[in-house]
Amino acid sequence: MTKVYSRPKLLKKKIFHYCAGCGHSIIHRLLAEVIEEMNLQERIVGINSAGCSVFAYDYLDIDMAEAAHGRGMAVATGLKRASPETIVFTYQGDGDLAAIGTAETVHTANRGERITTIFVNNAVYGMTGGQMAPTTLLAQLTTTTPYGRDAMLEGHPIRVSEMLALLGGVVYIERTAVDSPANIRKTKKSIRKAFQVQIDGLGFSMVEILAPCPINWKMEPLEAWQWIGKEMTKVFPLGVIKDITGQKDAD
Amino acid sequence: MAKVLMDGNSVIGEAAIRAGCQCYFGYPITPQNELTEYMANHLSRKKGCAFIQAESEIAAINMVFGASLAGVRVMTSSSSPGISLKQEGISYLASCELPSVIVNMSRGGPGLGTISASQSDYFQATRGGGHGDYRTIVLAPSSGQELADLTHRAFDLADKYRIPVLILGDGILGQMMEPVEFKHEAPAELPVRSNALRGAKGRASRIVRTCTSNTSDMEELNWSLYRRYQLIKEEEITSETFLVEDAELIVVSFGIAARIARGAIKNARANGLKVGLLQPVTLWPFPSAKVAELANRAKYFLVFEMNMGQMIEDVQLALNGKGETFFYGRPGGVIPTPSEVFRVISRHYYQRGLS
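Residues numbered from 1 in each chain as written. Chains lettered and ligands numbered in written order. Predicted model: local features only at pLDDT ≥ 70, side-chain atom pairs only at ≥ 80, totals over all residues.

Counting secondary structure elements, chain B contains twelve helices and 15 strands. Relative to the compact-globule value of 20 Å for 355 residues, chain B shows a C-alpha radius of gyration of 21 Å, a close match. A principal-axis box enclosing the C-alpha atoms of chain B has dimensions of 70 × 50 × 40 Å. A buried classification covers 53% of the 355 residues belonging to chain B. Sequence-distant contacts in chain B: of pairs separated by 6 or more residues, those separated by 24 or more amount to 80%. (Helix = DSSP H or I, 4+ residues; strand = E, 2+ residues; numbered from the N terminus. Rg over C-alpha atoms; globule rule 2.2 N^0.38 Å. Buried ≥ 20, exposed ≤ 12 C-beta atoms within 10 Å, placed from the backbone. Contact = placed C-beta atoms within 7 Å.)

Below is the structure:
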């Protein structure tokens, strides 16, 4: 019998603390697979951030450091500049990357830092209990938009990837989702390509991943997965946002 | 080597590079811009080094965090309002035990304040500054030469105790040109700390974190930091004295105020007043034992600071009721003259019937 799947070696043997149906555990697994396949574990450092994924280092068996809320890209910049041969990635949520850390996000991308960002967009503050995120959709109910997000009062969902695509230092940005086996496979390819951009020293690369948060969306896991395709992708369309590598596909 | 004439900000830059500082991240703010510019000139194109003009002081201190993770000697600098912005980052550096050097060429506050020299950041510097139960070593130079020597010492202390070290200067020290001798040559090879985080090669993976859901882990971190702080108190307290042997009144001042006080004390001595100076060089840890020792003979302590009275609390704690303290200060960036301080000394001296 052929073995078609096994647990990635770089995923620690520990039960995820994430809620049922959460996207983080899938994305952690994809990261572990890509790092292992690209053989980066001896020279990679991950920077995780405040939010549900603050405990990512409990699962990924690689060097990791936790940054202050929103400061992941500044920390990654300092590390990469001090040790350019190290592969550095940040793992950030929407609040971290697109609210409190917006300045760091814009300027790190603009300097074309040779780092890779895994941006998990679930349109809500997960860890603190479901408050509005910068990416919360209009009319979406959260604990701080109890009447639904109103553009006139609470602003619009920010399309960070499209914003960053305008910047000179940005080489590759793709938006994917982990809402179906096909999209999960695409996400893995995209992460791989983003790391390759860094290895090739081309500039800033980022994968924005739409991920479900059933608990704070107050949905069943399956319903949450479907909501990504039905609602989130209307505001955050999937696909390559920017690619100036000249390479169609990392594979 | 021969002495060179340099402004204080550039002195810090040169001394840092000679101490093996590889990375500098900063944001422009007066009166410390010459330091940022010095590092841009000397690090931005040098092999193995990095300089970034960051988008904010917050970004700069977090770049320091990143470079320190990578195991290199790293520095940032700013002035009072910018140092306030860095406090969150300093708390994280302290928690993660990451060596780093932070320079505050302080100015008058509160708020945006003035760009003139002030010492109003004493509390912020010596009480930790950011959130949480931590300390940073604080060094207070009072001359160009001390800027050079203490900058070098700051990097050594940071590595020795894996702690952020603050250099608390001010606008005068930053701008004033003085002859300085650099006692160290830059290292031929830049060192990398043994616990650098650069990938799990030949060892198990490691994590650096501040967040935990386990309160006993956090308590243990606090205890471990506390034990190190006790060690620093035993090993590293430094102070200078000037004409204290027969002094009946002792002026206690740090940094540039101590320099001004020296002028006043020389004047007092010329007029037959038995006055001396205690100049704390490490503001944290504070030379409390030295204050207590001086109180065995001298009874009167005039604390002179360029603020509304901050270090005086540490002097009073050290005296523990033993001597009498009085205060003279000029806040907001006003720079008092030696003759002004001499008048204050004379007044207290004669009012207390000293002769």
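Turning to the nonpolar core, a few remarks are in order. In globular proteins that are soluble, nonpolar side chains generally tend to be buried together. Counting 184 residues, the largest nonpolar core has I118(A), I209(A), V101(B), V251(B), A261(B) and I345(B) as its most contacted members. Counting the residues that make up this core, at least three belong to each of domain 1 (4-235) and domain 2 (240-351) of chain B. Ignoring sequence-local partners within four residues, the contact set of I209(A) consists of G23(A), I27(A), I118(A), F119(A), V120(A), N121(A), T176(A), A177(A), V178(A) and T187(A). (Core = buried A, V, L, I, M, F, W, Y, C linked by C-beta atoms within 7 Å. Domains from an automatic or database assignment.)

As a further point, take helix α11 (residues 311-319) of chain B. All names here are of chain B. For α11, the set of buried residues is M311, I312, D314, V315 and A318. Taken around the axis of α11, the buried residues stretch over an arc of 160°, which confines them to a single face. In this structure, the buried side of α11 is in contact with α5 (122-126), β11 (249-252), α10 (288-294), β14 (300-305) and β15 (324-329). Looking one or two places after α11, you find N320, whose phi comes out positive at around 50°. (Arc of directions from axis to C-beta.)

Between chain A and chain B, the residue contacts involve 29 residues of the former and 33 residues of the latter. Elements with a minimum of two residues in the side of chain A that touches chain B: β1 (44-48), β2 (63-66), α2 (72-82) and α4 (102-110) of chain A. Looking at which element gives the most residues to the side of chain A that touches chain B, the answer is α2(A), with eight residues. Among the residues making up the side of chain A that touches chain B, the classes are represented as 15 nonpolar, six polar and eight charged. Direction of pairing for β2(A) relative to strand β9 (residues 207-208) of chain B: parallel, over a ladder of two bridges. Bridge assignment links M64(A) to a residue of β9(B), and that residue is I207(B). (Nonpolar A, V, L, I, M, F, W, Y, C, P; charged D, E, K, R; others polar. Pairing = 2+ DSSP bridges.)

If you trace the backbone, E14(B) turns up in helix α1 (residues 8-18). Sequence separation between E14(B) and R330(B) is 316 residues, and the spatial gap between their C-alpha atoms is 31 Å.

Right, let's talk about the domain arrangement of chain B for a bit. Residues and elements named next belong to chain B. The domain boundaries assigned to chain B delineate domain 1 (4-235) and domain 2 (240-351). Between the C-alpha centres of domain 1 and domain 2 the distance comes to 28 Å. Each partner contributes residues to the interface: domain 1 has 29 residues there, and domain 2 has 22 residues. Ranked by residue count, the leading element in the side of domain 1 that touches domain 2 is α5, at four residues. Residue classes in the side of domain 1 that touches domain 2 are distributed as 13 nonpolar, twelve polar and four charged.

Here we take up the sheet that holds strand β2 (residues 21-26) of chain B. A sheet is described by the order of its strands in space; here seven strands give the open sequence β3-β2-β4-β5-β7-β6-β13 (chain B), paired in mixed fashion. Every interior strand has two partners, whereas the edge strands, β3 (50-53) and β13 (282-284) of chain B, have only one. For this sheet the average axis-to-axis angle between neighbouring strands, irrespective of direction, equals 20°. Two elements, β2(B) and β3(B), share four bridges in a ladder whose sense is parallel. Of the residues in β3(B), the one forming a bridge with Y24(B) is F51(B). Against the sheet, α2(A) makes contact with β2 and β3 of chain B, and its axis sits at roughly 150° relative to β2(B), the strand it touches most. This element, helix α6 (residues 144-161) of chain B, spans β2, β4 (73-78), β5 (100-106), β6 (137-139) and β7 (164-170) of chain B of the sheet and lies at about 165° to β7(B). (Axes fitted to C-alpha atoms, helices over the stretch in contact; angles between N-to-C directions.)

Looking now at the sheet that holds β1(A). The eight strands are arranged β9(A)-β7(A)-β8(A)-β4(A)-β3(A)-β1(A)-β2(A)-β9(B) in an open sheet whose pairing can be described as mixed. Looking at the sheet topology across the chains shown, the edges are occupied by β9 (239-243) of chain A together with β9 of chain B. Against the sheet, helix α7 (residues 181-199) of chain A touches β3 (87-93), β4 (116-121), β7 (170-177) and β8 (204-210) of chain A, its axis set at about 165° to β7(A).

Right, let's get into the pairing of β4(A). All names here are of chain A. Within β4, six of the six residues are buried, which leaves the element mostly enclosed by the surrounding structure. On β4, burial covers both faces: T116, I118 and V120 on one face and T117, F119 and N121 on the other are all buried. Bridge count for β3 against β4 is five bridges, and the pairing is parallel. Note on β4: the bridge partner recorded for G93 is V120.

Cis geometry marks the peptide bond from T30(B) to P31(B), where omega comes out at 10°. Here P31(B) shows up in the loop between β2 and α2 (33-43). For A139(A), which is not glycine, the phi torsion reads 75° and is therefore positive. Looking at the secondary structure, you find A139(A) in the loop between β6 (131-132) and α5 (151-154). The class of A139(A) is exposed, set by 12 C-beta atoms lying within 10 Å. Residue K218(A) is not a glycine yet carries a positive backbone phi of 60°. With respect to the helices and strands, the residue K218(A) is situated in the loop between α8 (214-217) and α9 (221-235).

Let us look at α6(B). All names here are of chain B. Across its 18 residues, α6 extends 26 Å between first and last C-alpha, which sits within 8% of the 26 Å expected from 1.5 Å per residue. Every buried residue of α6 is accounted for by G144, E146, L147, A148, D149, L150, T151, R153, A154, F155, L157 and A158. Of the residues flanking the end of α6, it is R162, one or two places downstream, whose phi is positive at about 45°. (Expected span 1.5 Å × (residues − 1).)

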